[in-house]
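Notes for the structure review
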Amino acid sequence: MVNLEWIQDPGWQYLRLTDDVALKEQAMRKFDNKTHCWVPDPAEGFIIADISIVEGNNYTLTLPNGETRKVNKDETQEINPAKYEKTEDMANLTFLNEASVLHNLRQRYYGMMIYTYSGLFLVFINPYKMLPIYTDSVANMYVNRRRSEVPPHLFAVSDLAYRNMMGEKENQSMLITGESGAGKTENTKKVISYFARIGGAPKEQKSKKSVRFSDQIVLFAVILFYPFKTPQYILFLKQ
Ligand SMILES: Nc1ncnc2c1ncn2[C@@H]1O[C@H](COP(=O)(O)OP(=O)(O)OP(=O)(O)O)[C@@H](O)[C@H]1O
């Protein structure tokens, strides 16, 4: 059950589709894996083609531009049921293939939903513009909440790590990796400020004061970790 306050938050539209929008989008989809398939395309990666003729393993496809193409079934990839459009966790996909993963990430990115789970992993696509999804109100949605209760976000992963650390009294590690410019530094800063927020001040003081405190911790941590900055680095957090 989604909290009404959350839906009214300016960041919510970048976190989760409302049920009616999701249903509308699914209803608009006019293809399924019986009639259509993914086929490689040099410009788009994969495009959806209409399966016009099936002769054993040989398909005659009609492409979106009207051209026909004869392919072997092995060159095609299956399309997922409509209910998985913009799925929040790609581990749920019926057909976990490259085309479907790219399609899902792309569709979510068009909607500026930049975080998506793939099982235990969280995938981030850099929006190159500031979205209102790192605010105090959004962070508060994630405090002490299970992953299944809230939309995919770095804060959900951070909160789980924090709870594991407190519960198991064990160090936790997070691996943030990606190519240059992918957003590793920015995401690392967000993780650290989340920890500062939830661990840095008593509940009743979590207002402007804790934000200032978190800023100091972020600055300190960035100075500390900057010399070790490589495309792949691990951040260890100690209780
Ligand atoms: N969450 C985000 N929201 C909006 N813009 C972002 C976000 N993360 C990164 N960016 C943008 O992308 C740019 C590059 O991000 P960042 O410096 O974190 O990449 P990086 O992976 O650490 O790169 P490098 O490995 O080259 O240091 C940032 O300057 C910022 O403009």
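Residues numbered from 1 in each chain as written. Predicted model: local features only at pLDDT ≥ 70, side-chain atom pairs only at ≥ 80, totals over all residues. Heavy atoms only, no water.

**Concerning the UniProt feature "binding site: ATP" (unreviewed entry) in the protein chain**
Cross-referencing UniProt, the feature "binding site: ATP" (unreviewed entry) maps to Gly178, Glu179, Ser180, Gly181, Ala182, Gly183, Lys184 and Thr185 in the present numbering. For Gly181, the location among the structural elements is in the loop between strand S7 (172–177) and helix H6 (184–199). Other than its neighbours up to four places away in sequence, Gly181 contacts Asn126 and Tyr128. If you trace the backbone, Gly183 turns up in the loop between S7 and H6. Sequence-distant contacts of Gly183, defined by excluding residues within four places in its chain, comprise Phe124 and Asn126. (UniProt positions renumbered as here; feature names shortened; annotations may be inferred. Helix = DSSP H or I, 4+ residues; strand = E, 2+ residues; numbered from the N terminus. Contact = heavy atoms within 4.5 Å.)

**Some points on the sheet that holds strand S1 (residues 36–41)**
What the four strands build is an open sheet, ordered S1-S2-S3-S4; its pairing is antiparallel. Looking at the sheet topology across the chains shown, the edges are occupied by S1 and strand S4 (68–72). The average angle at which neighbouring strand axes cross in this sheet is 45°, direction not considered. As judged from the five bridges shared by strand S3 (residues 58–62) and S4, these two strands associate in the antiparallel manner. Residue Asn58 lies in a different strand from S4, and its bridge partner there is Asn72. (Pairing = 2+ DSSP bridges. Axes fitted to C-alpha atoms, helices over the stretch in contact; angles between N-to-C directions.)

**What to know about H6**
The end-to-end C-alpha distance of H6 is 22 Å, a good match for the 22 Å that 16 residues give at a rise of 1.5 Å each. With 12 of its 16 residues buried, H6 lies for the most part within the structure. Looking at H6, one finds that the buried residues are Lys184, Asn187, Thr188, Lys190, Val191, Ile192, Ser193, Tyr194, Phe195, Ala196, Arg197 and Ile198. (Expected span 1.5 Å × (residues − 1). Buried < 20%, exposed > 50% of the residue type's maximum accessible area, 1.4 Å probe, protein only.)

**Some details on a nonpolar patch on the surface**
A contiguous nonpolar patch, built from Val2, Leu4 and Ile7 and spanning about 250 Å² of accessible area, is present on the exposed surface. The residue Leu4 is located in helix H1 (residues 4–8) in this model. (Patch = residues over 30% accessible without salt bridge, like charges linked within 9 Å, V, L, I, M, F, W, Y side chains within 5 Å. Areas by Shrake-Rupley, 256 points an atom, 1.4 Å probe, with all protein chains shown as cover. Salt bridge = Lys/Arg side-chain N within 4 Å of Asp/Glu carboxyl O.)

**Focus on unusual backbone geometry**
The bulk of non-glycine residues show a negative phi, and the bulk of peptide bonds are trans. Even without being glycine, Met112 reaches a positive phi, approximately 60°. When you line up the elements, Met112 lands in the loop between helix H3 (98–110) and strand S5 (115–118). Residue classification places Met112 among the buried positions, given a relative accessible area of 12%. The backbone of Lys169 sits at a positive phi, close to 55°, despite the residue not being glycine. Relative to the helices and strands, Lys169 is located in the loop between helix H5 (154–168) and S7.

**Considering the confidence of the model for the protein chain**
The pLDDT averaged across the protein chain works out to 86; a share of 83% of its residues lies at or above 70. The lowest-confidence element of the protein chain is strand S8 (residues 232–237), averaging 40 in pLDDT; the highest-confidence one is S5, averaging 97. Note that pLDDT drops below 50 for residues 206–214; the model gives that stretch 11 contacts with residues more than four away or on any other chain. Note on residues 229–239: pLDDT under 50 across the span, and 36 contacts to partners over four residues away in sequence or across chains. (pLDDT = per-residue confidence, 0-100.)

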